[in-house]
Amino acid sequence: MPQYRSEQHPRIRFSNIYRGCKKYFILHVLVACVIIYLLVALGGGLIPRFLIPRMPFLAIRSDINALMFFDVNNDASRVTWARATNNREAVEKAAKSNVHMIEGDVILQGQGTTHQKLIPVMAQPPQSESDLLLVDWLDRIKLLNKGIKLDFSVIDSLEISLQRLQEFDISFPIHFPVWIHADVLQGPHGGKVKVDPSRFFQTLKRVFPRCTVSLGWTTAPHTDLSQSGYTWDMVLDMYELVRKWRIEDQPVVFQARLSLIRNSVPQLKWLCDNIAHSALNVLHVEGDEVQSEDLMYIAYRFPPDEAFFDLNHEKYETMLTQYRHFSRQKTGFYVGKRDEVIFKPKAWVKMGLYTEEDSVLPSTEALVLTSPYVYVVTKSRYKPTSQIYIQGRVQFLNRKKNLSESFATGLNIYLRSVAYAEFDHIIGIKCFLGVDGDIEVKGSNLPREIPDFRKTARITPTTSHCFRFHITDTGDQLIFKVSTVSNCQKLESVVPELNDTDSPKKELDSSSLKENYQTLTIDLPHRLTHEQSPFILRMEDGMRQAVIDELSVKHMM
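Read on for an overview of the structure.

Analysis parameters
Residues numbered from 1 in each chain as written. Predicted model: local features only at pLDDT ≥ 70, side-chain atom pairs only at ≥ 80, totals over all residues. Heavy atoms only, no water. Helix = DSSP H or I, 4+ residues; strand = E, 2+ residues; numbered from the N terminus. Contact = heavy atoms within 4.5 Å. Areas by Shrake-Rupley, 256 points an atom, 1.4 Å probe, with all protein chains shown as cover. 1 Å grid on protein atoms, 1.4 Å probe; cavity = no way out; pocket = protein on both sides within 12 Å on 5 of 7 lines; lining within 4 Å. Points joined across faces, edges and corners; volume = space filled by probe spheres on them. Nonpolar A, V, L, I, M, F, W, Y, C, P; charged D, E, K, R; others polar. Buried < 20%, exposed > 50% of the residue type's maximum accessible area, 1.4 Å probe, protein only. Core = buried A, V, L, I, M, F, W, Y, C linked by side-chain atoms within 4.5 Å.

1. Examining the overall build of the protein
Reasoning step 1: What the protein contains, in helices and strands, is 11 helices and 23 strands.
Reasoning step 2: Pairs at least 24 apart in sequence give 70% of the contacts found in the protein among residues at least 6 apart.
Reasoning step 3: As displayed, the protein has an accessible area near 27,500 Å², and 52% of this comes from carbon and sulfur atoms.

And the structure:
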C-alpha cells in the first residue's frame, strides 16, 4: 500500500514559527518585568540604592532632593528625622536608627564668651561648648547613607562651617542630601533675627551653594495662638528674599512651626506655589499645644511631595501615618467652608505689561496683585442678570508705608467691558473699593452718547484693611455690597461673622452680620451694552499690594 509523506503548506509553517517567536518574546518580557519589579521593590530603583553614592556619573550631589534620594514613594511625610544630634551619644543613636535625616546645630566653640574660637562644634545657644566637633560629626555620618541638616542660629559659625563642609566634600564627595537652615526673618512672636539674610545668602552662594536651602522665621511660644500665624507680609518678605538672591533654581524648604499653622495655611501654600522647587517643613516644638485638625489641615492642603513633617511627637506621627492620604475627613468645619470659596487661577488670564515680573502671583489659596499695569480677566463671559454675581475678599498691604489717596488707592472691578486690551483704557462699569473704605460705581471710558453716572459711599475700615465684596449686575441696577473683616488672617474669618454663630450663612445678609456692612445701589443707563463680557480686576495704583481670596463668579440657584 503506497505511503504518503505529508508536507505543511508554507503559510502553516510561517504561522507556527510566528506563534513560537511570540511565546518566546512574551516570556522574555515577563522575566524582564519581574527583574525590574524586584529592583524597584528591593533595591530602591533600577539601580540599587546602596550603589548610588558610589556611582559619580549619576551626579548624585549634596543638592539632591530628599524625595529622589530616599525610597519614600515621593511622600515627604514618610521622611523621618533625628533632631538635635549635638553630642556623641545622640549621633550614635541616630546612626543605628532607621531615620532618613539627621539634624544638628552648629555654633563656634565658646560661642558668645571671651574664649570664642573659630572651631565649629555641635551645640545650640545658650550652650557654648560641646563634646563633638563638626568635622567629627560629619566623619561619623558620611557612610550612613542618610541626609543631614545643619541648623545655624547664629551667623558667626556659618562661613567656617561651610568651609569645613566644602573640605569634607572634596576629600569624601557627598552623595546624600544636605540641608542648610537658618531663621532669616522675624516671624510670629519671634525675636530679632540673629542670622543676617544678606550675609547668609552671600556666604552660602560663595562657599557651599550645592545644597537644599532651608529658611524659617524666628518664633516663640505664646499663651494664645488662636489669632496668630504667618502673615501675608511675612510670606511676601520671604518670597522677595528668595527672588532677590535667585536661589529658586535649587531645592528650597520653608520651615514653619506646627502650633502656628492654623491661620497660616493659605499664606504658606501660596509661598510654595510661587517658588519653584520648594516645599514646607512642619516643625513641632516640644511643649506647644496643637489641635490635631491643624496637622490634618496641612496634610490636606499640601500634596504629599510638598510637605515634610519633623514632629518628634508620637501622637502626631501616628496620626499623620494613619490619616495622611485621607486627611480631609479629619479637618474642621472652616476648612470645608474655605473649599467652597477656593480661588481657581485657571479661570482667569493675565493681561497688560507681561514684562512686569511678579505683578500677578496666583495660587489656589489667593491672588496677589502688585501693579496697576497688569490685571486679570475671567476667561468666561457673562450677561447682566440677577442670577450671576462676583464675590471675593481683598486685603490691602501697605508694605512701603505710603500714604493713600481718596478714590485712587484701591481695587477696581470692571463689568460689561467691551474693550480692555489697553490697561489704561478699559471700557465698561468700574466698581472701586478703596483702602480707606471708599466705594464708588461709575462709567469707565464710555462713549459720549451714554449719560454719565456715578455714586459713592463709604465704610469704616478695620486696622487689617480687609474687605469682603459682592457685586450683582441685574441689567437695570448694579448692587455693590461691601463689609469689613476685623481679622481676615483667622481661619474662622472664611465665614462672615454672624449674630447667630450656630447657623453660618453663605450669602451676605445685612440683618445678620456683625461686620460693618454697606450697600451701594445705582440705576444704570439703558444704553449700556448687555452683551456677554468678562469681569476684570486691577489695582488702581502701585501704592499697595492686594491679596485677593475667596474670589469667584457664582450662579444663584
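2. Considering the layout of surface pockets
Reasoning step 1: By volume, the largest pocket amounts to about 800 Å³.
Reasoning step 2: Lining the largest pocket are 31 residues, with Q124, D151, D183, Q255 and L283 sitting closest to its centre.
Reasoning step 3: Elements supplying a minimum of two residues to the lining of the largest pocket: β2 (101-108), β4 (147-151), β5 (178-186), β6 (212-218) and β7 (252-257).
Reasoning step 4: Classifying every residue of the lining of the largest pocket gives 11 nonpolar, nine polar and 11 charged.

3. Description of the environment of D549
Reasoning step 1: On the secondary structure map, D549 appears in strand β23 (residues 545-555).
Reasoning step 2: For D549, a relative accessible area of 7% translates into the label buried.
Reasoning step 3: For the pair D549 and I342, spaced 207 residues apart in sequence, the C-alpha to C-alpha distance is 7.4 Å.
Reasoning step 4: Setting aside residues no more than four positions away along its own chain, D549 makes contact with R338, E365, A366, G392 and R393.

4. Considerations on the nonpolar core
Reasoning step 1: Residues W137, L165, I180, F200, L215, W217 and F254 are the most contacted members of the largest nonpolar core, which totals 98 residues.
Reasoning step 2: Discounting chain neighbours no more than four positions away, the residues touching L165 are L138, I148, L150, I174, V178, I180 and F208.
Reasoning step 3: Core analysis: the next-biggest nonpolar cluster, separate from the first, contains 42 residues, V360, L369, V482 and L528 among them.

The analysis is restricted to geometry; functional conclusions fall outside its scope.
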